[in-house]
Amino acid sequence: MTLVPLPTRPTRRRRRLTVPEATALLLAVFFLLAAVAPHWVAPGDPLAIDPLSAFQPSSWAHPFGTDESGRDIFTRVVHGTGTSLVIGLAATAIGLGLGIVLGTLAGMLGPVVDFAVNRVVEVLFAFPGLLLALVFILIFGPGVVTSTIAVGLSTAPGYARIIRAQLISVRRSAFVEAATVLGLRRTQILTRHILPNTLAPLFVLGTLGIGQAIVWAATLSYLGLGAEPPTAEWGAMLSAGRTYITSAWWMSFFPGLFIVLTAVTATVLGRALDRRLRHA
Amino acid sequence: MSALPLVVRNLRVAFDGTPIDPVRGVSLQVAAGECLAIVGESGSGKSVTARSLLGLAGSGARVSADTLSLAGESVLDFSDAQWRARRGKTVGLVLQDALVSLDPLRPIGREIADSLRLHTTLGAAARARRVIELLDAVGLPDPHLRVHQRSGELSGGERQRALIAAAIALDPPLLIADEPTTALDVTVQAQILDLFETITRAGTALVLISHDLAVVARVADRVAVMSGGVIVETGTVTEVLQQPQHADTRRMVAAVPADKPRGTRLSLTLRDPATLHDPAAPPASNDAADLPADPDAGAPVVLTATGLVKSFRRPDGSRQVAVNDVSFDLRRGSTLGIVGESGSGKTTTARLLLALTRADRGEVRILGQAWSEQTERARRPLRASVGAIFQDALGSFDPRLNVAEILRAAVAGPNGSHRHAHTERVRELLNDVGLSVTVTQQRPRELSGGQRQRVGIARALASRPEILICDEPVSSLDVSVQAQVLDLLDDLQRRHRLSLVFISHDLGVVQHVSDTVAVMQYGRVVEIGAAEQIFGAPAQPYTRRLLASVPRLL
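Trainee: Just to check I follow, could you spell out the overall build of chain A for this structure?
Mentor: In terms of regular secondary structure, chain A is built from ten helices and zero strands. What you see in chain A, going N to C, is helices and strands ordered as α-α-α-α-α-α-α-α-α-α. A compact globule built from 280 residues would reach a C-alpha radius of gyration of about 19 Å, whereas chain A, at 24 Å, exceeds it by more than 25%. Each of the three principal axes of chain A carries a C-alpha extent, and together these read 85 × 50 × 25 Å. When the 280 residues of chain A are sorted by exposure, 42% land in the buried category.

Encoded structure:
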């Protein structure tokens, strides 16, 4: 060979965390800790009543104040983290799982199935997501489990569409043709190239979806259709504080703050992942 | 005009955060009616130089110079507002890709009238008249119909003409054209270059930026060769092309494939200085050199295409015939070049040969066995004998895999899985295509264009094929990288006795690599024959027109 060896670029640099990303990472660690070991973060009992210290504003003893029965809001918010996160994760998992099944059916099984699935998805899309969840709860009754499934169901059509589009674009891509030219079998192409490239972006999509699912689940609880009082659940706590909003704002403010923080944390992390995976 | 349209002394451009300044002391001047070509490979600083002349070097750029004047006026410390007043008026710009340079939602007439509206006091009716005059001047047929069309309704050449019309609307004394014909077919390219000649003859100064010396040879009066941010050589076109002084210029001149016989090396390396002076010298260190270059006519046929027809459904339901009755044979060890302009059916033909799409009629046979008529399952054992090299190398790799994974999968094929046994073969393949093992852990998008195409070639060779189908394998590469890849393919063909179908829109490349050439137009093979015959004595008028359009080095 008379070819000059070609210069190679140095291995890629690690991208530095931005301030919002670092903050989100810290918050995520805190939320996970609160979910896994709530007693470690807030040692008290979230359901312990103390009528003598009802409606106290924030103080050293009660950083987030107390509610109408004297329960410590901080303890309750921390203990509610697990429920909210589990609802968020489970709902997203249900939505994604269903979306993958529908999207893969539509993308792989030919025009007839594609047509059928598309029409079903369009009908589901015609209803606002929350309305779809409400209909489901109307049929199966309120509760944490049904509201989780309801949120999952209502997010599924969106995921199904994205997965179908992704699958079709990957299936037509040049590297799939290149694999065909190499003589790979159809199942090999599907498992080695099409599915990994379709599903990798879903990881990011799921992370972004968790925030939304938490907000929706809290919404259902707030409407009295999810977790029921006195369970330490953010949406239910928000709803309970509504009556006293003029005199004891902290009762609804802190659960609301946690809902916003978890949703924002999940979204910021999702976007950070997206950026890194796309440009890695 | 008293002052020169453009005078540049010691221009420097620096960007924040880049260790090496892209432009380091460039001096140029252009007289009225003169065409100066700035030629260089990608990364040589030619585009940054061009953009600095319009105040468009970018927000992070620091431009400094001893002199930078347009039509006698120093523009070095111009504000954005001052630049806006001069752009279009004292200096016009023509960009490479007219499709993205024109607003897809506005008729081209409005687009061209913009500068007239901003810089002149002409009324609406006078502007409309002027726009039609301009479109007529740039040779767009039926200008009063064309003014109402949007860029998407025009062909590539028509769009480029519209863009030139917009650039010369205010009759600027200086026109800057950045790779204006790179995206165009040869015949259209020839027309656009003629148009530039007409414009300079009318007294406009032109700065033409290109990576292709042959293109420049047609229109330029003087050439400035850029490399590494400095001008390494300037002179008249004849001087630079016939007696290139600088090593970089010599390399670029040698890299132009047209008129260089088969087997001549295009890429010069400093290790064998013999070839620097004698472009026809045989490869200096090549163990395969003693193998016969020309395959004998009696070599067995390895691929036959008979009466291939393929049509597609248009959006309106009618059918468009992409490939119409195409037949040819490919003999062992030879190269069949397929040449044609965009839309001539070349790529569809490649896909039919690779059995990636089913022909409406006709048949492809590989090594005497049925191929296109088979089911994919029956075809699979034969797939190892046919490799493919794609134009878009990057798109042909799974983005999740690194080079080692790509090649190991190709070596393993549909059956194998013994990972360790493949490592040696991967190393051998990388060595074959002149890549060092350090690339194995990198992903294709981290490699240069030339390296990517080498990985593509290595993958195609993994199954030890007898036939390679190459669809525009060098079209997205710089001329000098193209030269290296063409040399590599030539080496590999001799060493492994490969039979190649080589598809390209570039006649110069096809002439250099082919034994047999098929010329395609509107889905048909209009002429097929030995390369010397097609290029020496073309029988068909279309072939003659194509040949007349090929840019050549004098």
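Trainee: Explain the overall build of chain B to me, please; I cannot follow it from the model alone.
Mentor: Assigned secondary structure in chain B consists of 21 helices and 21 strands. In terms of overall size, chain B behaves like a compact globule, its C-alpha atoms giving a radius of gyration of 25 Å where 554 residues would be expected to give roughly 24 Å. Along the longest, intermediate and shortest principal axes, the C-alpha atoms of chain B span 75 × 55 × 45 Å. Counting the 554 residues in chain B, one finds 48% classified as buried. Pairs at least 24 residues apart make up 67% of the contacts formed inside chain B by residues separated by at least 6 positions.

Trainee: Sorry, what's going on with the packing of helix α4 (residues 108–119) of chain B against helix α5 (residues 124–137) of chain B here?
Mentor: The description of two helices packed together rests on the angle between their axes and the distance between the axes. Residue and element names in this part refer to chain B. Following both chains from N to C, one finds α4 and α5 inclined at 115°, their axes separated by 9 Å at the closest point. Here α4 and α5 pass one another in a crossing that is right-handed. Residues Gly109, Ile112, Ala113, Leu116 and Arg117 of α4 lie in contact with α5, whose contacting residues are Arg127, Arg130, Val131 and Leu134. Its residues assigned to classes, the contact of α4 with α5 shows five nonpolar, one polar and three charged.

Trainee: Where do I start with the sheet that holds strand β13 (residues 319–331) of chain B in this structure?
Mentor: For sheets, the rule is that strands pair by backbone hydrogen bonds, running either parallel or antiparallel. One open sheet holds the four strands; their spatial order is β13-β12-β15-β16 (chain B), and the pairing between them is antiparallel. Of all strands in the sheet, those bounded by a partner on one side alone are β13 and β16 (369–370) of chain B.

Trainee: When you look at the packing of helix α3 (residues 73–108) of chain A against helix α4 (residues 110–126) of chain A in this model, what are you seeing that I'm missing?
Mentor: Residues and elements named next belong to chain A. Relative to each other, α3 and α4 sit at 140°, their axes nearing to 7 Å. Taken as axis vectors, α3 and α4 run oblique relative to one another. Note on packing geometry: the crossing formed by α3 with α4 is left-handed. Contacts from Leu102, Leu105 and Ala106 in α3 reach Val113, Asp114, Val117, Asn118 and Val121 in α4. Its residues assigned to classes, the contact of α3 with α4 comprises six nonpolar, one polar and one charged.

Trainee: Is there a simple way to think about helix α18 (residues 479–496) of chain B in this case?
Mentor: Residue and element names in this part refer to chain B. Taking 1.5 Å of rise per residue, 18 residues should cover 26 Å, and α18 covers 25 Å from first to last C-alpha, within 8% of that figure. α18 sits mainly inside the fold: 16 of its 18 residues count as buried. Of the residues flanking the end of α18, it is arginine 497, one or two places downstream, whose phi is positive at about 50°.

Trainee: Just checking my understanding: could you explain the nonpolar core for this structure?
Mentor: Looking at soluble globular proteins, one finds that nonpolar side chains tend to be buried together. Ranked by size, the top nonpolar core spans 179 residues in total, and within it Ala165, Ile176, Val207, Leu208, Val216, Ile469 and Val501 of chain B carry the most contacts. Discounting residues that sit within four places of it in the chain, valine 207 of chain B has contacts with Leu6, Val30, Leu36, Ile38, Ala50 and Ile176 of chain B. In terms of nonpolar packing, the next biggest core, distinct from the first, is built from 45 residues, Phe64, Ile94, Trp250 and Phe254 of chain A among them.

Trainee: I tried to follow the sheet that holds strand β17 (residues 386–389) of chain B on my own but got confused; where do I start?
Mentor: Residue and element names in this part refer to chain B. Strand order in the open sheet made by the six strands is β17-β18-β19-β14-β20-β21, with mixed pairing throughout. Each of the sheet's edge strands pairs with one partner strand only, and the pair in question is β17 and β21 (524–530). Recorded for the sheet is a direction-independent mean angle of 15° between the axes of neighbouring strands. As paired strands, strand β14 (residues 335–339) and strand β19 (residues 499–504) are joined by five bridges and run parallel to one another. The partner of leucine 336 across the bridge, within β19, is valine 501. Sheet contacts for helix α17 (residues 449–461): β17 and β18 (467–471); angle to β17, the most-contacted strand, approximately 170°.

Trainee: In this structure, what is going on with the pairing of strand β15 (residues 361–366) of chain B? I would like to understand it.
Mentor: Remark: a regular strand shows side chains that alternate across the two faces of the sheet. Residues and elements named next belong to chain B. As judged from the five bridges shared by strand β12 (residues 301–313) and β15, these two strands associate in the antiparallel manner. Bridge pairing in β15 links alanine 305 to valine 364. Bridging between β15 and β16 involves two bridges; their strand directions are antiparallel. Its bridge partner lying in β16, isoleucine 366 is registered against glutamine 369. Hairpin geometry of β15 and β16 is characterised by an intervening segment of two residues between the two adjacent antiparallel strands and by a positive phi of about 50° at leucine 367.

Trainee: What's the story with the confidence of the model for chain B in this structure? I'm lost.
Mentor: For any part of a model where pLDDT is low, the fine detail of the predicted coordinates should not be relied upon. Residue and element names in this part refer to chain B. Across chain B, the average pLDDT comes to 85, with 92% of residues at 70 or higher. Across residues 270–293 the pLDDT falls below 50, and counting only partners more than four positions away or on other chains, this stretch makes 31 contacts in the model. Across the assembled chains, the prediction reports ipTM 0.73 with pTM 0.75.

Trainee: Sorry if this is basic, but what is going on with unusual backbone geometry here?
Mentor: Glycine aside, residues mostly have negative phi, and peptide bonds are mostly found in the trans state. Residue and element names in this part refer to chain B. Positive phi outside glycine occurs at alanine 71, with the angle close to 50°. Positionally, alanine 71 belongs in the loop between β5 (67–70) and β6 (73–74). Phi is positive for aspartate 325, which is not a glycine, with a value near 55°. Position of aspartate 325 among the secondary structure elements: in strand β13. Take aspartate 325: there are 14 C-beta atoms within 10 Å of it, and that puts it in the partly exposed class.

Trainee: Is there a simple way to explain the environment of threonine 148 of chain A in this structure?
Mentor: Residues and elements named next belong to chain A. As for its position among the elements, threonine 148 is in helix α6 (residues 144–171). A count of 27 C-beta atoms within 10 Å places threonine 148 in the buried class. Remark: the alpha-carbon pair of threonine 148 and isoleucine 94, spanning 54 residues in sequence, is separated by 8.6 Å. Sequence-distant contacts of threonine 148, defined by excluding residues within four places in its chain, comprise Ile87, Ala90, Ala91 and Ala217.

Trainee: Got a minute to help me understand helix α13 (residues 346–353) of chain B in this structure?
Mentor: All names here are of chain B. Among the eight residues of α13, seven are classified as buried, and the element is accordingly described as predominantly covered. Looking at α13, one finds that the buried residues are Lys346, Thr348, Thr349, Ala350, Arg351, Leu352 and Leu353. At the exit of α13 stands alanine 355, carrying a positive phi of roughly 55°.

Trainee: What exactly am I supposed to notice about the pairing of strand β7 (residues 91–94) of chain B here?
Mentor: All names here are of chain B. Alternating residues of β7 divide into Val91 and Leu93 and Gly92 and Val94, and every residue in both groups is buried. Bridge analysis of β7 against strand β8 (residues 174–178) gives four bridges, and the strand direction is parallel. When the sheet's bridge partners are listed, valine 94 is paired in β8 with alanine 177.

Trainee: I'm lost on the confidence of the model for chain A in this one. Help?
Mentor: Residue and element names in this part refer to chain A. Averaged over all residues, the pLDDT of chain A equals 84, while 94% of them reach at least 70. Between the elements of chain A, mean pLDDT differs from a low of 83, seen in helix α2 (residues 38–41), to a high of 91, seen in helix α7 (residues 174–181). Taken as a whole, residues 1–13 scores under 50 in pLDDT and shows 19 contacts with residues more than four places along the chain or in a different chain.

Rules and cut-offs
- Residues numbered from 1 in each chain as written.
- Chains lettered and ligands numbered in written order.
- Predicted model: local features only at pLDDT ≥ 70, side-chain atom pairs only at ≥ 80, totals over all residues.
- Helix = DSSP H or I, 4+ residues; strand = E, 2+ residues; numbered from the N terminus.
- Rg over C-alpha atoms; globule rule 2.2 N^0.38 Å.
- Buried ≥ 20, exposed ≤ 12 C-beta atoms within 10 Å, placed from the backbone.
- Contact = placed C-beta atoms within 7 Å.
- Axes fitted to C-alpha atoms, helices over the stretch in contact; angles between N-to-C directions.
- Left-handed = near helix turned anticlockwise from the far one by under 90°.
- Nonpolar A, V, L, I, M, F, W, Y, C, P; charged D, E, K, R; others polar.
- Pairing = 2+ DSSP bridges.
- Parallel < 35°, antiparallel > 145°, perpendicular 65-115°, else oblique.
- Expected span 1.5 Å × (residues − 1).
- Core = buried A, V, L, I, M, F, W, Y, C linked by C-beta atoms within 7 Å.
- pLDDT = per-residue confidence, 0-100.

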